[in-house]
Amino acid sequence: DLMNRSTPGIHHVTVIAGDAQQNVDFYVGVLGLRLVKKTVNFDDPATYHLYYGDEAGSPGSILTFFPWPGARRGRAGVGQVAVISLAIAPHSIGYWLERFVVHGVAHEAPTRRFDEMTVAFRDRDGLQLELVASPRAHERGAWAGGPIPAEHAIHGVHSVTVWERTLDATAATLSGVFGASATASEGTTTRFATGDRGPGTIVDVRVVGGFLPPIEGIGTVHHVAYRAEDDDVELEMRGRADALALRATPVIDRQYFHSVYFREPGGVLFEIATDRPGFTVDEPAERLGEVLALPPRYESRRAEIEARLPLLHLASSEAPTLTIIS
């Protein structure tokens, strides 16, 4: 039964950002994620593609960004992933609230959702994010080599929230392609989970009716990828998408995983991404993200590509200090 080969959960979420250095400063310097790969957009090698995650860049820990400094500012809307939620330990809420104040991060007071404390916040581009205090956060990896003490570190993606006009077609896609099942509902939101149903396996579908159409641009999610443990499972899942007439793409080699894309009837762009080969295919684990990694087809153009990209530095993680001049 193919449905026994449902996805273990989310692989990564990809976002459109503005300035690349500002992106690094926020996700490494403020949130304490590891920059696990610094490469280029394979379709547009004049721009970066930055990947952040836990120590190993494990599937489920990964946020990726296309920094397009000249792009328009986007707006979350119907038929889009609107919110990315990150998992932390329940005892870490106070630590993060204080950190957000010190670093000037726009955030809201904690609220409770699906029995977990949640803190909504935004990055410098206005992307909607949340920290979710999950008693199971520790089951997922983290990065202890950054500015955040290990006990407070982010443990990967907890969930994403998609905004939809109606529920049924999206629910059919989540169950039919990924083997997700509805586990809870609260207000207009239905929670779907796969795998062990812990952090990293959850998609919340919020029915918002007609609301606003999305504007794709800076500060919005481009797509969410679910995991396929190997190429065979990916092809099975692609077949299930075809059976639902979702017009999936052929398999595309993304160097660190193999990808298939399709749009569900409500508008959200989904990807199926394989767990392997992973980020150590071209760099040792201890040196991840240190140099610009290029796919073989661009290696001969390295000098030209590097000359066109802005230099990035991993800034000091400390909060800015105020010097009082008397």
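Quick caveat: nothing in here was measured; it's all calculated off a predicted structure. (Residues numbered from 1 in each chain as written. Predicted model: local features only at pLDDT ≥ 70, side-chain atom pairs only at ≥ 80, totals over all residues. Heavy atoms only, no water.)

(A) View of the overall build of the chain. Tallying secondary structure elements over the chain gives five helices and 16 strands in all. Rg of the C-alpha trace for the chain: 19 Å, near the compact-globule value of 20 Å for 326 residues, within the 12% margin. Relative to all contacts within the chain whose residues are 6 or more apart in sequence, the contacts with residues 24 or more apart total 68%. Carbon and sulfur atoms make up 54% of the accessible area of the chain, which totals about 13,900 Å². Taking the average location of the 30 positive side-chain charges in the chain and that of its 41 negative ones, the two points are 4 Å from each other. (Helix = DSSP H or I, 4+ residues; strand = E, 2+ residues; numbered from the N terminus. Rg over C-alpha atoms; globule rule 2.2 N^0.38 Å. Contact = heavy atoms within 4.5 Å. Areas by Shrake-Rupley, 256 points an atom, 1.4 Å probe, with all protein chains shown as cover. Lys, Arg positive; Asp, Glu negative; His and termini not counted. Charge placed at Lys NZ, Arg CZ, Asp CG, Glu CD.)

(B) Here's a closer look at the environment of Arg-34. Mapping Arg-34 onto the fold places it in strand β2 (residues 34-41). On the basis of relative accessibility, which here comes to 8%, the residue Arg-34 falls in the buried class. On a C-alpha basis, the gap between Arg-34 and Val-24 in space is 9.6 Å, while along the polypeptide they are ten residues apart. Ignoring sequence-local partners within four residues, the contact set of Arg-34 consists of Tyr-51, Tyr-52, Gly-53, Asp-54, Glu-55, Trp-143, Ala-285, Glu-286, Arg-287 and Leu-288. Engagement of the side chain of Arg-34 in a polar contact is seen with the backbone oxygen of Glu-55, the distance being 2.7 Å. (Buried < 20%, exposed > 50% of the residue type's maximum accessible area, 1.4 Å probe, protein only. Polar contact = N/O pair within 3.5 Å; in protein donor to acceptor, adjacent residues only side chain to side chain.)

(C) Expanded view of the pairing of strand β15 (residues 258-263). Pairing of strand β14 (residues 252-253) with β15 involves two bridges; the strand directions are antiparallel. Note that in β15 the partner of Asp-253 across the bridge is His-258. Taken together, β14 and the strand that follows it, β15, pair antiparallel across an intervening segment of four residues, in which Gln-255 is found at a positive phi of about 75°. Note that β15 and strand β16 (residues 269-274) share five bridges and pair antiparallel. Bridge pairing links Tyr-261 to Glu-271 in β16. (Pairing = 2+ DSSP bridges.)

(D) Structural context of the sheet that holds β15. Judged by pairing direction, the sheet is mixed, and its eight strands sit side by side in the order β2-β3-β4-β1-β13-β16-β15-β14 without closing on themselves. Taken across any chain shown, the strands that pair with only one partner, and hence form the sheet edges, are β2 and β14.

(E) Main features of the sheet that holds strand β12 (residues 202-207). As summarised here, the arrangement of the eight strands in space is β6-β7-β8-β5-β9-β12-β11-β10, forming an open sheet in which the pairing is mixed. Among the strands making up the open sheet, the edge pair consists of β6 (111-113) and β10 (181-186). Averaged over all pairs of adjacent strands, the angle between their axes in this sheet comes to 30°, without regard to strand direction. With six bridges connecting them, strand β9 (residues 157-164) and β12 associate as parallel partners. (Axes fitted to C-alpha atoms, helices over the stretch in contact; angles between N-to-C directions.)

(F) Representation of the confidence of the model for the chain in the model. Mean pLDDT over the chain works out to 94, with 95% of the residues at or above the 70 mark. Residue range residues 317-321 is modelled with pLDDT below 50. Its contacts to residues more than four positions away, or to other chains, number seven contacts. (pLDDT = per-residue confidence, 0-100.)

(G) Local environment of the nonpolar core. Among the nonpolar cores identified, the biggest contains 68 residues, and Tyr-27 and Leu-31 are the most heavily contacted of them. If you tally residues by element for this core, the top one is helix α1 (residues 20-30), at six residues. Beyond its immediate stretch of four places on either side in the chain, Leu-31 contacts Phe-26, Leu-86, Trp-96, Phe-100, Phe-121, Ile-148 and Ile-154. (Core = buried A, V, L, I, M, F, W, Y, C linked by side-chain atoms within 4.5 Å.)

(H) Spatial organisation of the packing of helix α3 (residues 168-178) against helix α4 (residues 231-243). For the pair α3 and α4, interaxial distance at closest approach is 8 Å and the crossing angle is 145°. When the axes of α3 and α4 are compared, the crossing they make is right-handed. Contact residues: α3 offers Gly-176, Val-177 and Phe-178, while α4 offers Met-237, Arg-240 and Ala-241. In terms of residue class, the contact of α3 with α4 is built from four nonpolar, one polar and one charged. (Left-handed = near helix turned anticlockwise from the far one by under 90°. Nonpolar A, V, L, I, M, F, W, Y, C, P; charged D, E, K, R; others polar.)

(I) Local environment of the side chain of Thr-194. Considering the arrangement of structural elements, one finds Thr-194 in the loop between β11 (189-193) and β12. There is a polar contact of 3.3 Å between the side chain of Thr-194 and the backbone oxygen of Thr-7. Beyond its immediate chain neighbours, meaning those up to four positions away, Thr-194 contacts Thr-7, Pro-8, Gly-9, Phe-178, Gly-179, Ala-180, Thr-201 and Tyr-226.

(J) Structural detail: the environment of Gly-57. By secondary structure assignment, the location of Gly-57 is in the loop between β3 (44-53) and β4 (62-67). Gly-57 sits 21 residues away from Val-36 along the chain, and the two C-alpha atoms are 5.9 Å apart. Apart from residues lying up to four places away in sequence, Gly-57 is in contact with Val-36, Ile-62 and Phe-279.

(K) Broad picture of the side chain of Arg-191. Relative to the assigned elements, Arg-191 resides in strand β11. On the basis of relative accessibility, which here comes to 8%, the residue Arg-191 falls in the buried class. Side chain to side chain, Arg-191 and Asp-204 meet in a polar contact 2.8 Å long. Residue contacts for Arg-191: discarding those within four places in its chain leaves Arg-113, Phe-114, Glu-116, His-158, Ser-181, Ala-182, Thr-183, Ala-184, Ile-202, Val-203 and Asp-204.

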